[in-house]
Amino acid sequence: MAWSQYQLILAATMVVTGSINTLSTKWADYLESEGSDGQIRAFSHPFVQACAMFIGEMLCLLAFKMLYYNLKRRRDGSEDTHELTRGNREFNPFILFIPAMCDMIATSIMYIGLNLTYPSSFQMFRGSVIIFVGMLSVAFLNRVLVGREWTGIFFVIIGLAIVGVSDFIADDGGIAHSRNNIITGDLLIILAQVITSVQMVYEERYVAGLDIPALQAVGWEGFFGFSVLGTLLIPFYFIHVGPPFNNNARGTLEDFVDALVQIRNSWQLLFSIFGTIISIAFFNFAGISVTKEISATTRMVLDSVRTLVVWLVAICVRWQMFHPLQILGFGGLLFGMCLYNNVFVFQCWSAVRGFYLRRRYGYEETQGIITTRADDPQIA
C-alpha cells in the first residue's frame, strides 16, 4: 500500500530531525567556551543537555494544547478528526510517569556515554535495545520468541561486537577519545538500552491500547522528565566525582551554573542547544506518529537510516575516521534488526527464489504452493 503525503512527511521528519538531534548534541560536546571559573574548556554537561531534550518534548504538549483549542473553537468536531489531536484525550497523565522516568535515566546515561565515544557508535549501540526488549517481553509479557527473532538477536550481538572492536582499534584522527573513555561510553549506552527496554515493555503493556495523541504523550513525558531532572540538578551541583565525569568548573556530577555561563559565552553552543530542543520535539512526535500511522517496524527501519546518516556526517566532518569493520558491524546490526522485525529479509528471499524458479523452470510460487506451466515436459 502506497504511503500518503502525511506519512511521507512523517518519515522524512523522523530521519532528518533524529539525525540533527544526535549531531547537534555531539557538536556541543566538542565546542569549547569560557566557564564560570574563567577557564576555557569543552562543554561537558550531559544532564543539562538531557534537560534541553525534555524542554523540547514539553513543547509538544504546548503545541497540542494550542492546536486543540484552536480546532475546538470551530465547533465542527474537527478536534476529533485532525491527525494531531484525535484519540483518547481523557486519561490520567501519571500513567506516563514511569516511562518518563525511564526515559530520563536512560537519556542522561546515554548523553554521558555520547560525551565519551563517537556519535555513530552512540546510534549503533542503541540498536542493542532489541536484545533487552526481547528478553523482557518473554519474562513479563509472556511472549514466545520464534527462531527468526532469536537469530536476529544473535546477529545484532555480533554486529555490536564488531562495532565495539572497530571503536577500540580505530584512529580518531585527532579527536580526543581515549580507549578507556570509548569502552566506558559504549558500555553506558548499552546500560541505557536496558532501561529503555523497560520503558518500551511498560508502554506496550499499559499505554499502547489507550490511543493517546502523540503530541500529548510526548509532552507529558517531557514535563515529568524535566520536572524531576531539573530538581536533581541541585544535588548534582554538590556531588563531587572523578574523571572522566568531572570536566566542569566545580568537578561535580553536574554544574548547571557553569553550563549556563558557557552557553552565554558561545553562540555556537546556544545554537547547538537550541537545535537539540527543536529537533527532539519534532523527532519524538514523528517517531510516535510513524508507529501509530504506519507501523513499529517502519519506525525501526527509519531509525536505521538515521544511524547511517549520523555515521556518514561524523566521518565527513572528521569527528571519527572510517574503519572497514564499521561496515561489517553496521551490516550485521541492520540484518539482525530486519530479521527480528521480519522486514525485508524473508521478503527478499521469496522474491529472489521466485525469480529463480520462473527463469530456471518456469515455476510460479504462490503462498508456498509451487505450480508449473501447462507445457512443462516434466508433467507430460
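This text follows the structure it describes.
Scoring rules and cut-offs
Residues numbered from 1 in each chain as written. Predicted model: local features only at pLDDT ≥ 70, side-chain atom pairs only at ≥ 80, totals over all residues. Heavy atoms only, no water. Core = buried A, V, L, I, M, F, W, Y, C linked by side-chain atoms within 4.5 Å. Buried < 20%, exposed > 50% of the residue type's maximum accessible area, 1.4 Å probe, protein only. Helix = DSSP H or I, 4+ residues; strand = E, 2+ residues; numbered from the N terminus. Expected span 1.5 Å × (residues − 1). Contact = heavy atoms within 4.5 Å. Patch = residues over 30% accessible without salt bridge, like charges linked within 9 Å, V, L, I, M, F, W, Y side chains within 5 Å. Areas by Shrake-Rupley, 256 points an atom, 1.4 Å probe, with all protein chains shown as cover. Salt bridge = Lys/Arg side-chain N within 4 Å of Asp/Glu carboxyl O. Axes fitted to C-alpha atoms, helices over the stretch in contact; angles between N-to-C directions. Parallel < 35°, antiparallel > 145°, perpendicular 65-115°, else oblique. Left-handed = near helix turned anticlockwise from the far one by under 90°. Nonpolar A, V, L, I, M, F, W, Y, C, P; charged D, E, K, R; others polar. Phe/Tyr/Trp six-rings, centres within 6.5 Å; stacked < 30°, edge-to-face > 60°.

(A) Examining the nonpolar core more closely. If you look at the biggest cluster of nonpolar residues, it comprises 64 residues, and the most contacted ones within it are L229 and F285. Broken down by element, the residue count for this core peaks at 11 residues, all from helix α3 (residues 97-116). The next biggest cluster of nonpolar side chains, apart from the first, holds 10 residues, and it includes L31, F43, I263 and L269.

(B) View of helix α6 (residues 147-169). For α6, which comprises 23 residues, the first-to-last C-alpha distance of 33 Å matches the rise-based estimate of 33 Å (1.5 Å per residue) to within 8%. Among the residues making up α6, those that are buried are E149, G152, I153, V156, G159, L160, I162, V163, S166 and D167. Check the buried side of α6 and you find it contacts α4 (119-125), α5 (129-140), α7 (179-207) and α12 (324-340).

(C) The side chain of T22, seen in detail. Within the secondary structure, T22 sits in helix α1 (residues 5-30). Residue class for T22 comes out buried when judged on its relative accessible area of 1%. Beyond its immediate sequence surroundings of up to four residues, T22 is in contact with L114, P119, F122, Q123, R306 and V310.

(D) Fine view of a nonpolar patch on the surface. Among the surface-exposed residues, V165, F168, I169, I183 and L187 lie close enough to one another that they form a single nonpolar patch of about 420 Å² accessible area. In terms of residue count, α6 provides more of the nonpolar patch than any other element does, 3 residues in total. Its place among the elements puts I169 in helix α6. On the basis of relative accessibility, which here comes to 42%, the residue I169 falls in the partly exposed class.

(E) Spotlight on the environment of V290. As for its placement among the helices and strands, V290 is situated in helix α10 (residues 267-293). The spacing of V290 and L8 is 282 residues in sequence and 9.5 Å in space, taken between C-alpha atoms.

(F) Focus on the packing of α6 against α12. α12 packs onto α6 with a crossing angle of 160 degrees between their chain directions and a minimal axis gap of 7 Å. The angle between the axes of α6 and α12 places the two elements in the roughly antiparallel class. The two elements α6 and α12 meet at a crossing, and its hand is left-handed. Partitioning the contact of α6 with α12 into residue classes produces 16 nonpolar, 8 polar and 2 charged.

(G) Looking closely at the pattern of salt bridges. A complete count under the given rule lists 4 salt bridges for this structure. A salt bridge links R41 to D37; the shortest N-O distance between them is 2.8 Å. Since its relative accessible area comes to 14%, R41 is described here as buried. D37 sits in the partly exposed class, given a relative accessible area of 35%. For R89, the salt bridge identified is with D80, shortest N-O distance 2.7 Å. On the basis of relative accessible area, R89 is assigned to the buried category, the value being 18%. Residue class for D80 comes out partly exposed when judged on its relative accessible area of 44%. Here the salt bridges do not stand alone but share partners, grouping D37, R41 and D258 into one network.

(H) Up close: unusual backbone geometry. Omega for the bond connecting P243 with P244 falls within 30 degrees of zero, at 5 degrees, which places this linkage in the cis form. Tracing the sequence through the fold places P244 in the loop between α8 (214-236) and α9 (256-264). One non-glycine residue with positive phi stands out, namely D211, at about 55 degrees. Within the fold, D211 resides in the loop between α7 and α8. Note on D211: relative accessible area 40%, which makes it partly exposed. Even without glycine at this site, R318 takes up a positive phi of about 65 degrees. On the secondary structure map, R318 appears in the loop between α11 (296-316) and α12.

(I) Main features of the packing of aromatic side chains. Under the definition given, this model contains 16 aromatic pairs. Considering the side-chain rings of F223 and F224, the 5.7 Å spacing of their centres and the 65 degrees angle between planes classify their relative orientation as edge-to-face. Exposure remark for F223: the relative accessible area of 35% places this residue in the partly exposed category. Where W311 meets F330, the ring centres are 5.9 Å apart and the plane angle is 45 degrees; that geometry is what we call tilted.

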